[in-house]
Amino acid sequence: MLTNKSFTGLFIALLVISCWIASTFLLMRWQVNFSNPLIYFFILLQMHLYTGLFITAHDAMHGTVSSNRKINNLIGYTCTFLYALFWYPQLYTKHHLHHTHVHTHDDPDYHQGNFFRWYFTFIRNYLSIWQVIAMAILFNILKLWIPQANLLLFWVLPSLLSTVQLFYFGTYQPHKGEHNNKHHSRSQRRNHLAAFFSCYFFGYHYEHHDAPGVPWWRLWAACQSPVNSGKI
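Residues numbered from 1 in each chain as written. Predicted model: local features only at pLDDT ≥ 70, side-chain atom pairs only at ≥ 80, totals over all residues. Heavy atoms only, no water.

**Some words on a nonpolar patch on the surface**
Taken together, the side chains of L127, I129, W130, V132, I133, I137, I141, L144 and W145 make up a nonpolar region of the molecular surface, amounting to roughly 1,000 Å² of accessible area. The residue I129 is located in helix α6 (residues 129-142) in this model. The class for I129 is exposed, based on a relative accessible area of 57%. (Patch = residues over 30% accessible without salt bridge, like charges linked within 9 Å, V, L, I, M, F, W, Y side chains within 5 Å. Areas by Shrake-Rupley, 256 points an atom, 1.4 Å probe, with all protein chains shown as cover. Salt bridge = Lys/Arg side-chain N within 4 Å of Asp/Glu carboxyl O. Helix = DSSP H or I, 4+ residues; strand = E, 2+ residues; numbered from the N terminus. Buried < 20%, exposed > 50% of the residue type's maximum accessible area, 1.4 Å probe, protein only.)

Written out as structure tokens, the structure reads:
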């Protein structure tokens, strides 16, 4: 369902995409120096922007980027492609299975196991061998013009770290264990600054399942304390 009637969602989506493009372009030209502490800040910045790409694609899956379906889906396709050549329709289908069958065997995001087993099952459900091959080919093409260290530190590593960030704060913590509510999820304790930097407010996960039409940048307002899901 498309719920966003204003241009705010589209503006925020374009802002996230623009920040990722600008940061990536500049960091591909940055002189790598491991004695410079900025290198670690830039890796974390890139990780955060990669997560922003995926969260923006997620909003598109719920129709909250734009009320124009074609524009909304174009943003979804763009963000998943930039993130790691993901195919947007496949992610769309699996994500809605997650909402429909949350915390069941039909939920592609759920796995009964420890953090590592669950994470690798989660990745295996979404990552294809053809996608890995395509990324490897693209990497080897890009390194003809871009230093390999820059590609590894600011293109490859942040995207991998982002998958851990998305999984931990957006899937594992909200859905692990048993729950006594209809959404089988919980929310982190209300701290808007921590919620934004951890996963663009998706630590407020019960609220997302309760109102999936609320975009990420409004989830902080949807977070009421206490919620009947409990807190992380």
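**Brief notes about the environment of P147**
Within the secondary structure, P147 is located in the loop between α6 and α7 (148-175). We classify P147 as partly exposed; its relative accessible area is 43%. Note: C-alpha distance between P147 and W30 (117 residues apart in sequence) is 9.5 Å.

**Examining the packing of helix α2 (residues 38-61) against α7**
Contact pair α2 / α7: the axes reach a minimum separation of 8 Å and the direction vectors enclose 60°. Taken together, the axis directions place α2 and α7 in an arrangement best described as oblique. Along this stretch, α2 crosses α7, giving a crossing that reads as right-handed. Contacts between α2 and α7 involve I39, F42, I43, Q46, M47, H48, Y50, T51, F54 and I55 from the former and L153, F154, W155, L157, P158, S159, L161, S162, Q165 and L166 from the latter. Classifying every residue of the contact of α2 with α7 by side-chain character gives 14 nonpolar, six polar and no charged. (Axes fitted to C-alpha atoms, helices over the stretch in contact; angles between N-to-C directions. Parallel < 35°, antiparallel > 145°, perpendicular 65-115°, else oblique. Left-handed = near helix turned anticlockwise from the far one by under 90°. Contact = heavy atoms within 4.5 Å. Nonpolar A, V, L, I, M, F, W, Y, C, P; charged D, E, K, R; others polar.)

**With respect to the packing of α2 against helix α3 (residues 69-84)**
Closest axis-to-axis distance for the α2/α3 pair is 8 Å, and the angle between their directions is 150°. It follows from the interaxial angle that α2 and α3 lie roughly antiparallel. Classified by chirality, the crossing of α3 by α2 is left-handed. Where α2 approaches α3, its residues Y50, T51, L53, F54, T56, A57 and A60 are matched on the opposing element by N72, I75, G76, C79, T80, L82 and Y83.

**Topic: the pattern of salt bridges**
Using the criterion set out here, one finds one salt bridge in the structure. K182 is the salt-bridge partner of D210, the closest N and O atoms lying 3.8 Å from each other. With D210 in helix α9 (residues 205-210) and K182 in the loop between α7 and α8 (192-199), this residue pair connects regions lying 28 residues apart in the sequence. For D210, a relative accessible area of 41% corresponds to the partly exposed category. Using a relative accessible area of 63% as the deciding quantity, one classes K182 as exposed.

**What about the packing of aromatic side chains?**
Tallied over the entire structure, the rule returns 33 aromatic pairs. Between the aromatic rings of W118 and F167, the centroid separation amounts to 5.9 Å while the plane-to-plane angle is 75°, which identifies the pairing as edge-to-face. Of this pair, W118 sits in helix α5 (residues 115-126) while F167 is found in helix α7, placing the two residues 49 residues apart along the sequence. In terms of burial, W118 and F167 fall into one category: buried. Of the aromatic side chains, those joined through ring pairs into one cluster are Y110, F115, F116, W118, Y119, F120, F122, Y126, F167, Y168, F169 and Y172. (Phe/Tyr/Trp six-rings, centres within 6.5 Å; stacked < 30°, edge-to-face > 60°.)

**Considerations on the environment of C223**
By secondary structure assignment, the location of C223 is in the segment after α10 (219-222). Residue class for C223 comes out buried when judged on its relative accessible area of 1%. C223 sits 17 residues away from Y206 along the chain, and the two C-alpha atoms are 8.6 Å apart.

**A short note on the nonpolar core**
Ranked by internal contacts, the top residues of the largest apolar core, which has 52 residues, are L53, I55, I75, Y83, F154, F167 and W216. Those elements that place two or more of their residues in this core are α1 (8-28), α2, α3, α4 (88-100), α5, α7 and α8. For this core, the element with the most residues is α2, which contributes 10 residues. When near neighbours in sequence (up to four residues on either side) are disregarded, I55 contacts L166, C199, Y200, F202 and W216. (Core = buried A, V, L, I, M, F, W, Y, C linked by side-chain atoms within 4.5 Å.)

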